[in-house]
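What the coordinates show
Okay, here's what each chain looks like letter by letter:
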Amino acid sequence: MSLLERTTDEPTNEDRANRIDTVMQAYCLTLEGRDFDGDEDDVKDLLTDLMHFCERMEIDFEENLRVARNNYNHERLAEHGDTGQLGCPVCGCFLEVTCTDTLLGIDRKLYDCQECDETFIRELNSPDSPLQRAVKCVGCGNMISQASTRILYQRDDYAHFIGECCWDERLRD
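Residues numbered from 1 in each chain as written. Predicted model: local features only at pLDDT ≥ 70, side-chain atom pairs only at ≥ 80, totals over all residues. Heavy atoms only, no water.

Here strand 6 (residues 149-155) runs beside strand 7 (residues 158-163); their pairing, made up of 6 bridges, is antiparallel. What sits directly across from Y153, in strand 7, is H160. Adjacent in sequence and paired antiparallel, strand 6 and strand 7 are bridged by 2 residues, among which D156 carries a positive phi angle near 55°. (Pairing = 2+ DSSP bridges. Helix = DSSP H or I, 4+ residues; strand = E, 2+ residues; numbered from the N terminus.)

Our next topic: the pairing of strand 2 (residues 106-113). Pairing geometry for strand 1 (residues 95-103) and strand 2, over 8 bridges, is antiparallel. From the neighbouring strand, T100 faces strand 2, where its bridge partner is K109. Taking the residues between adjacent antiparallel strands as the criterion, strand 1 and strand 2 are bridged by 2 residues, where L104 takes a positive phi near 55°. Between the end of strand 2 and the start of strand 3 (residues 119-123), which pair antiparallel, lie 5 residues, with D117 showing a positive phi angle near 65°.

Next up on the list: a negative patch on the surface. A surface patch of negative charge is lined by D35, D37, D39, E40, D45 and D49. By the element assignment, D45 lies in helix 3 (residues 40-57). (Patch = residues over 30% accessible without salt bridge, like charges linked within 9 Å, V, L, I, M, F, W, Y side chains within 5 Å. Areas by Shrake-Rupley, 256 points an atom, 1.4 Å probe, with all protein chains shown as cover. Salt bridge = Lys/Arg side-chain N within 4 Å of Asp/Glu carboxyl O. Lys, Arg positive; Asp, Glu negative; His and termini not counted. Charge placed at Lys NZ, Arg CZ, Asp CG, Glu CD.)

Tracing the chain through its elements places I106 in strand 2. The class for I106 is partly exposed, based on a relative accessible area of 28%. Sequence separation between I106 and L124 is 18 residues, and the spatial gap between their C-alpha atoms is 7.4 Å. Sequence-distant contacts of I106, defined by excluding residues within four places in its chain, comprise D101, E123 and N125. (Buried < 20%, exposed > 50% of the residue type's maximum accessible area, 1.4 Å probe, protein only. Contact = heavy atoms within 4.5 Å.)

The next subject is the packing of helix 2 (residues 13-32) against helix 3. Relative orientation of the contacting elements helix 2 and helix 3 amounts to 85°, with a least axis distance of 11 Å. Judged by the inter-axis angle, helix 2 sits roughly perpendicular to helix 3. For the pair helix 2 and helix 3, contact is made by M24, Y27, C28 and L31 and by D42, V43, D45, L46 and D49, respectively. (Axes fitted to C-alpha atoms, helices over the stretch in contact; angles between N-to-C directions. Parallel < 35°, antiparallel > 145°, perpendicular 65-115°, else oblique.)

With that settled, the discussion passes to the pattern of salt bridges. This model, assessed by the stated rule, comprises 5 salt bridges. Ionic pairing is found between E32 and R34, a salt bridge with its closest N-O pair at 2.4 Å. According to the relative accessible area criterion, R34 is partly exposed, its value standing at 23%. The partner of E118 in a salt bridge is R133, with the nearest N and O atoms 3.6 Å apart.

Bringing helix 2 into the picture now. Here helix 2 contains 20 residues, and its C-alpha end-to-end distance of 28 Å stays within 8% of the 28 Å for a straight helix at 1.5 Å per residue. Of the residues making up helix 2, those classed as buried are R16, M24, Y27 and C28. Viewed along the axis of helix 2, the buried residues span an arc of 105°, placing them on a single side of the element. What points out from helix 2, more than 90 degrees from its buried face, is the exposed set E14, T22 and T30. (Expected span 1.5 Å × (residues − 1). Arc of directions from axis to C-beta.)

This part is about the nonpolar core. Residues L103, V135, C137, I144, A159, F161, I162 and C166 constitute the largest nonpolar core, which totals 8 residues. The dominant element in this core, judged by the number of residues it contributes, is strand 7, at 3 residues. In terms of nonpolar packing, the next biggest core, distinct from the first, is built from 6 residues, C88, C93, Y111 and C113 among them. (Core = buried A, V, L, I, M, F, W, Y, C linked by side-chain atoms within 4.5 Å.)

The subject of this paragraph is a nonpolar patch on the surface. Together, V43, L47, L50, F53, M57 and I59 make up an exposed nonpolar region whose accessible area comes to about 480 Å². By the element assignment, M57 lies in helix 3. Since its relative accessible area comes to 44%, M57 is described here as partly exposed.

Before going further, it helps to examine the sheet that holds strand 3. Taken together, the 5 strands give an open sheet; going across it, the order is 1-2-3-4-5, and neighbouring strands pair in antiparallel fashion. Two strands close off the open sheet at either side, each with one partner strand: strand 1 and strand 5 (143-145). On average, adjacent strands in this sheet sit at an angle of 40° to one another, irrespective of strand direction.

Next up, the structure:
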């Protein structure tokens, strides 16, 4: 599925805001029996109550807020014809930046696909750096490019990878 096909059936940002207007009206009616008039305190109260609700239901509010921020940014850009995001090479969905870090002196971004659970890396030191599939190194636990790994152990469709970061260490053990 292409990125363009994926967004054509999506509601507009105005539709999304209208849905929340309905929620805010209902919330204010339950709070004080009044209409929502755009008061920021009502929004703060709703978010606070949502945090309490997530705690009770054992839902990770912060993780969901992070994903929501990414979705919001994507939806704002997409409505103007600019996705601003990379598509997953496996399934075509939009990739979400999960972290930016430095490993062995190389600045990089890690991307996750919420649809197929693949992880990808792009090095930031080079402007033309390709998006590469990432795997976890069994030696240090860091996410590294699969292209720079060796298979330490493999059985059927499952493999344990070791990177150059730990290969010499493992040979000495």
